[in-house]
Amino acid sequence: MTMLRLFLTAALATAAAVPAKARNPQFQGADPHAMFIGGDLWIFPTGGPGGAWEADRFFAFSSRDLKTWEKRGELIRRDQIAWIGDDGAPAHFLWAPGVATRNGKYYLYYSVGPQNPTPSRIGVAVADRPAGPYRDSGKPLITGGNGFEAIDPMVFADPRSGKTYLYAGGSAGATLRVWELRPDMIGTAREVKVEQPPHFTEGAFVHERNGVYYLSYSHGRWNGPDYSVHYATAASPTGPWRYRGAILTSDARHQGPGHHSIVRARNGEWLIVYHRWERPAGPGPFAGERQIAIDVLRYGADGTILPVRMTDGDAPTLAGRRR
């Protein structure tokens, strides 16, 4: 455990307290993976301001005050992934990154698709610093097929066992799969069989609080008003899961919130970082660009997650007692 320092999507990384207020929406982007690094909140999204909506590369963005964001370099491009064309598919796109760090190295996990005419895949690349450049491992980490879409990777370091787990899958197949990773972080040790959580579509995320493991995930169609975040709890990072309900749903001003990550600041506040459509209520499919927002995540006395109220302008203060 002393050698294992994994701050990834699971947000167990403690960092400097975040300044008081966030302004929503933060910036254009989707599928945000968030983590604290050196007191700054970093977001690794699909796309981004001045980013790559053609889905051929990834960028990172960081902020100390949640008001001003700095573009932190190009992480990796599609043409730097040598194996990407091996399946013979006519087109490939990159989306939904997740980042982990261990022993001074950073690991970027990402989706390669679409699912048809060949199965989607998950790749992994390595860097010496969070802004990259990242060097691809040389082969796919996970390949989809037989109803499973290899998309939306997320890695969680279990603070109890020291093991690391990769969660992936969803969309049309709505299938979640979990693997234990090898210590090198670029290969799997074994697959762990898990049950399918109710209302699961995609975008799994795991965090731990007070000995309880929270599996949260997106439900619904990505460009529709039913896109939302639900969650379940367990006594282990692989279940069995107890479904708890929805925590982030559309309202009159924001539609389809989802594909989130959860982080904890040193002041004890928990934050949920997610994308949404800035539009009034109405039917989908939606078109245009999604926006990234940050809101406070609160817990009830019994440990349940309280429904999140989406904010505009200045989000609720992040100062206060530990949750």
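Our structure's up above, just so we're on the same page.
The rules behind each value
Per-chain numbering applies: the sequence of each chain, read as written, is numbered from 1 onward. Local features are withheld for residues below a pLDDT of 70 in this predicted model, meaning they are given only at 70 or higher, and side-chain atom pairs are given and counted only at 80 or more; totals for whole chains, interfaces and linings count all residues. As a convention, hydrogens and water are excluded, and side-chain values are obtained from all of the structure's heavy atoms. Think of it this way: any DSSP run of H or I at least four residues long counts as a helix, any run of E at least two long counts as a strand, and we number them from the N terminus. Three labels apply to residues, based on accessible area from a 1.4 Å probe with only protein chains included: buried if under 20% of the type maximum, exposed if over 50%, partly exposed otherwise in between. Residue contacts are counted whenever heavy atoms from the two residues lie within 4.5 Å of one another. A 1.4 Å probe and the Shrake-Rupley method give the accessible areas. Residues count as covered only by the protein chains that appear here. We treat two strands as partners when DSSP finds at least two bridges between them. Fitted lines through C-alpha atoms serve as axes, helices being fitted only where they are in contact, and the angles separating the N-to-C directions of these axes extend from 0 to 180 degrees. Just to be clear on terms, a salt bridge is a Lys or Arg side-chain nitrogen sitting within 4 Å of an Asp or Glu carboxyl oxygen.

**Overview of the overall build of the chain**
Then comes step 1: Tallying secondary structure elements over the chain gives 0 helices and 23 strands in all.
Then comes step 2: When the 323 residues of the chain are sorted by exposure, 59% land in the buried category.
Then comes step 3: Counting only contacts in the chain whose residues sit at least 6 apart along the sequence, the fraction spanning at least 24 positions is 53%.
Then comes step 4: For the chain, the accessible area works out to roughly 12600 Å², and carbon and sulfur atoms hold 50% of it.

**Some remarks on unusual backbone geometry**
Then comes step 1: A cis amide bond links Asn-24 with the next residue in sequence, Pro-25, at an omega value of -5°.
Then comes step 2: With respect to the secondary-structure elements, Pro-25 resides in the loop between β1 (23-24) and β2 (27-28).
Then comes step 3: Going from Gly-284 to Pro-285, the amide bond is cis rather than trans, its omega being 0°.
Then comes step 4: Take Pro-285: it is sitting in the loop between β21 (270-278) and β22 (291-297).

**Digging into the sheet that holds strand β14 (residues 177-181)**
Backbone-to-backbone hydrogen bonds join strands into a sheet, with any given pair of strands oriented parallel or antiparallel.
Then comes step 1: Here 4 strands make up an open sheet; going across it, the order is β12-β13-β14-β15 and the pairing antiparallel. Two strands lie at the open edges of the sheet, namely β12 (154-157) and β15 (188-192), each paired on one side alone. Each strand axis lies, on average, 30° off the axis of its neighbour in the sheet, ignoring direction.

**A few points about the sheet that holds strand β5 (residues 57-63)**
Then comes step 1: The 4 strands lie next to each other as β3-β4-β5-β6, forming an open sheet whose pairing is antiparallel. The strands lining the two open edges of the sheet, one partner per strand, are β3 (30-37) and β6 (70-77). Each strand of the sheet is rotated relative to its neighbour by a mean of 25°, with strand direction disregarded.
Then comes step 2: Where β3 and strand β4 (residues 40-46) come together, 6 bridges link them in antiparallel fashion. Its bridge partner being in β4, His-33 is matched across the sheet by Phe-44.

**Description of the pattern of salt bridges**
Then comes step 1: Taken as a whole and judged by the stated rule, the model has 15 salt bridges.
Then comes step 2: The salt bridge partner of Asp-56 is Arg-57, with a shortest N-O separation of 3.0 Å.
Then comes step 3: When its relative accessible area of 11% is taken as the criterion, Asp-56 is described as buried.
Then comes step 4: Exposure remark for Arg-57: the relative accessible area of 23% places this residue in the partly exposed category.
Then comes step 5: In this structure, Arg-177 engages Glu-191 in a salt bridge whose closest nitrogen and oxygen atoms are separated by 2.8 Å.

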